[in-house]
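Fold and contact review
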Amino acid sequence: MLNTSFIQKLLIRCPILQAPMAGGPAGPELAAAVSNAGGLGNLGAGYLSPQQLSQAIRDVRLRTDRPFGVNLFVPEPFAESAEEIRQMKDRLQAYRVQFGIASAPAPSSYAESFEEQVQAVLDEQVPVCSFTFGIPSQDVIQALKRQGTVVIGTATTVQEALQLEAAEVDVIVAQGSEAGGHRGSFLNDGAEPLIGTMALVPQIADQVSLPIIAAGGIMDGRGLAASLALGASAVQMGTAFLACPESGAHPVYKQRILSAREDDTEITTVYSGKAARGIITDFMKDMRDYSGTIPPYPIQNALTRDIRQAAAKAGDPEYMSLWAGQGLRLATGRTADDIVRQTMEQAAALMARMPSM
Ligand SMILES: Cc1cc2nc3c(=O)[nH]c(=O)nc-3n(C[C@H](O)[C@H](O)[C@H](O)COP(=O)(O)O)c2cc1C
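Described in the following lines is the structure provided in the data block. (Residues numbered from 1 in each chain as written. Predicted model: local features only at pLDDT ≥ 70, side-chain atom pairs only at ≥ 80, totals over all residues. Heavy atoms only, no water.)

Another aspect to go through is the overall build of the protein. Within the protein, the secondary structure is distributed over 14 helices and 11 strands. Computed over the C-alpha atoms, the radius of gyration of the protein is 19 Å, within 12% of the 21 Å expected from 2.2 N^0.38 for a compact globule of 357 residues. Structurally, the protein occupies a C-alpha span of about 60 × 45 × 40 Å along its principal axes. Considering only contacts within the protein whose residues lie at least 6 apart along the sequence, 68% involve residues at least 24 apart. Counting 28 positive and 37 negative side-chain charges, the protein places the averaged centre of each group 5 Å from the other. (Helix = DSSP H or I, 4+ residues; strand = E, 2+ residues; numbered from the N terminus. Rg over C-alpha atoms; globule rule 2.2 N^0.38 Å. Contact = heavy atoms within 4.5 Å. Lys, Arg positive; Asp, Glu negative; His and termini not counted. Charge placed at Lys NZ, Arg CZ, Asp CG, Glu CD.)

This is the structure:
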């Protein structure tokens, strides 16, 4: 019953993708554990240098011979304002003092080299490559497809899904507004489209002929069964895996995940300059009265990086980014294997009961 076309294409047993979660949680250990459990593990590689990425891919391969994926951030054009940056540095100075950081960073380049990251994925012949924040060029999409890599794009609206289909990606992640982490939106004109998973998945499924992966708020077999009913071929779960022993999330981050409630998250741009959903922290509250303009991603991300790192070192979650989705009260500290297995069992039991309802 759960044997969807998509999982046959990917040679995985379960229609469960572990969300790529850049910045530490989704490293080789978690990705390999999920792939070994029969799902598709994904490396969150957006912040990795090409060398780190190649190493991480090899680390996955040392731990599993099952298919897995790599996820990259498509660079977006951004406007750099020296005045906005100066004002933000001034505002962030108090936190630098608080954490004993000597001086504000002077990043020479704000983003990782996307082309070199893609080259590492090509060189390592990764089975699946997913993208968020936009549509990669035709050169990139076709080069990956030529060598047999399945290409996945991320959409938060029907329009984005149609553009991804026209660009010939193989599969589309439909990311609802419940989702933890950064919004994958790339066609918004200032206002973030916040369509919930329940509304988004069937509308995209009706409009595109590609397989859809539902993402956002899916925490267990109930979410999987519901997503399949809505027209998805698989689900992508992030928050559900954050507190796993195999997750690379900081221990205090895991504690916060396990003790938080469904109304403890908010969408914010203060950490990175790009809208992302996370557990509300003192930093998010402090920055509510900021009257200047928050520099766009990836500038703001670079400006807050040393503060987030110092907070992590000090074990202070209030100044770390605690990305999480709205389903977080359902998060557990179970192993990745348990989560995949129990999600499958619960979904199969629910679906078996459905015809008699
Ligand atoms: C901690 C964290 C980091 C994330 N990082 C990425 C990322 O690097 N790339 C990406 O495509 N999505 C990222 N996401 C979003 C996920 O792909 C997915 O949309 C989301 O986790 C689904 O919602 P859920 O967290 O409610 O399961 C991240 C999510 C979280 C929670």
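Near the ligand, the surroundings consist of 22 residues, among which P20, N71, G217, G238 and T239 are the closest. Interatomic distance of 2.7 Å between a side-chain N/O atom of N71 and a nitrogen atom of the ligand. In this structure, T239 approaches the ligand through a side-chain N or O atom, which is 2.6 Å from an oxygen atom. The set of elements that each furnish at least two residues to the shell around the ligand consists of β3 (68–73), β9 (234–237) and α10 (239–242). Split by residue class, the shell around the ligand holds 11 nonpolar, 11 polar and no charged. (Near = heavy atom within 4 Å. Polar contact = N/O pair within 3.5 Å; in protein donor to acceptor, adjacent residues only side chain to side chain. Nonpolar A, V, L, I, M, F, W, Y, C, P; charged D, E, K, R; others polar.)

So, on to the sheet that holds β9. Across the sheet, which stays open at both edges, the 8 strands sit in the order β1-β9-β8-β6-β5-β4-β3-β2 with parallel pairing between neighbours. Each edge of the open sheet carries a strand with a single partner, namely β1 (16–18) and β2 (41–44). The mean angle between the axes of side-by-side strands here comes to 25 degrees, regardless of whether they run parallel or antiparallel. Both β1 and β9 contribute to a ladder of 3 bridges, which runs parallel. (Pairing = 2+ DSSP bridges. Axes fitted to C-alpha atoms, helices over the stretch in contact; angles between N-to-C directions.)

By the secondary structure assignment, Q236 is in strand β9. In this structure Q236 comes out as buried when scored by relative accessible area, which is 13%. Contacts of Q236, omitting those with residues within four sequence positions, involve L17, A19, P20, N42, V173, I213, A214, A215 and G216. (Buried < 20%, exposed > 50% of the residue type's maximum accessible area, 1.4 Å probe, protein only.)

Tracing the backbone shows P25 in the loop between β1 and α2 (28–36). Along the sequence, P25 and H250 sit 225 residues apart, while their C-alpha atoms lie 8.0 Å from each other. Discounting residues that sit within four places of it in the chain, P25 has contacts with L30, L242, S247, G248, A249 and Y253.

Turning next to the pattern of salt bridges. Going through the model one piece at a time under the given rule, you end up with 17 salt bridges. E83 is paired through a salt bridge with R86; the nearest N and O atoms lie 2.7 Å apart. With E83 and R86 both in helix α4 (residues 82–98) and 3 residues apart, the pair spans about one turn of that helix. With a relative accessible area of 39%, E83 lands in the partly exposed category. What emerges from the salt-bridge pattern is a single network uniting D337, D338, R341 and E345. (Salt bridge = Lys/Arg side-chain N within 4 Å of Asp/Glu carboxyl O.)

The next subject is unusual backbone geometry. Across residues other than glycine, the phi torsion is negative in most instances, and most of the peptide bonds are trans. Cis geometry marks the peptide bond from Y297 to P298, where omega comes out at 5 degrees. Examined against the element boundaries, P298 turns out to sit in the loop between α12 (282–286) and α13 (299–314). Here the phi dihedral of Q125 falls at roughly 50 degrees; this positive angle occurs in a residue that is not glycine. Within the secondary structure, Q125 is located in the loop between α5 (114–123) and β4 (128–132). You will see that E168, though not glycine, has its phi angle at about 70 degrees, which is positive. By the element assignment, E168 lies in the loop between α7 (158–166) and β6 (171–175). Among the residues examined, E168 registers a relative accessible area of 41% and is labelled partly exposed.

Turning our attention to the layout of surface pockets. In this structure, the second largest pocket spans a volume of roughly 420 Å³. Every residue lining the second largest pocket is counted, 20 residues in all, and those nearest its centre are E76, S185, N188, G273 and K274. Looking at the lining of the second largest pocket residue by residue, the class counts come to 11 nonpolar, 5 polar and 4 charged. (1 Å grid on protein atoms, 1.4 Å probe; cavity = no way out; pocket = protein on both sides within 12 Å on 5 of 7 lines; lining within 4 Å. Points joined across faces, edges and corners; volume = space filled by probe spheres on them.)

All right, on to α13 then. Under the 1.5 Å per step criterion, the end-to-end length of α13 is 24 Å for 16 residues, consistent within 8% with the ideal 22 Å. The largest bend in α13 is about 40 degrees, located at R305. What α13 keeps buried is the set I299, Q300, N301, A302, L303, T304, D306, I307, R308, A310 and A311. In the core, the buried residues of α13 are packed alongside α4 and α12. Just past α13, the residue G315 takes up positive phi, approximately 70 degrees. (Expected span 1.5 Å × (residues − 1). Bend = angle between axes of the 7 residues up to and from the residue.)

Take α5 next. Listed in full, the buried residues belonging to α5 are F114, Q117, V118, A120, V121 and L122. Buried residues along α5 sit against α3 (50–63), β3, β4 and α6 (138–146). Q125, located one to two residues past α5, shows a positive phi value of around 50 degrees.

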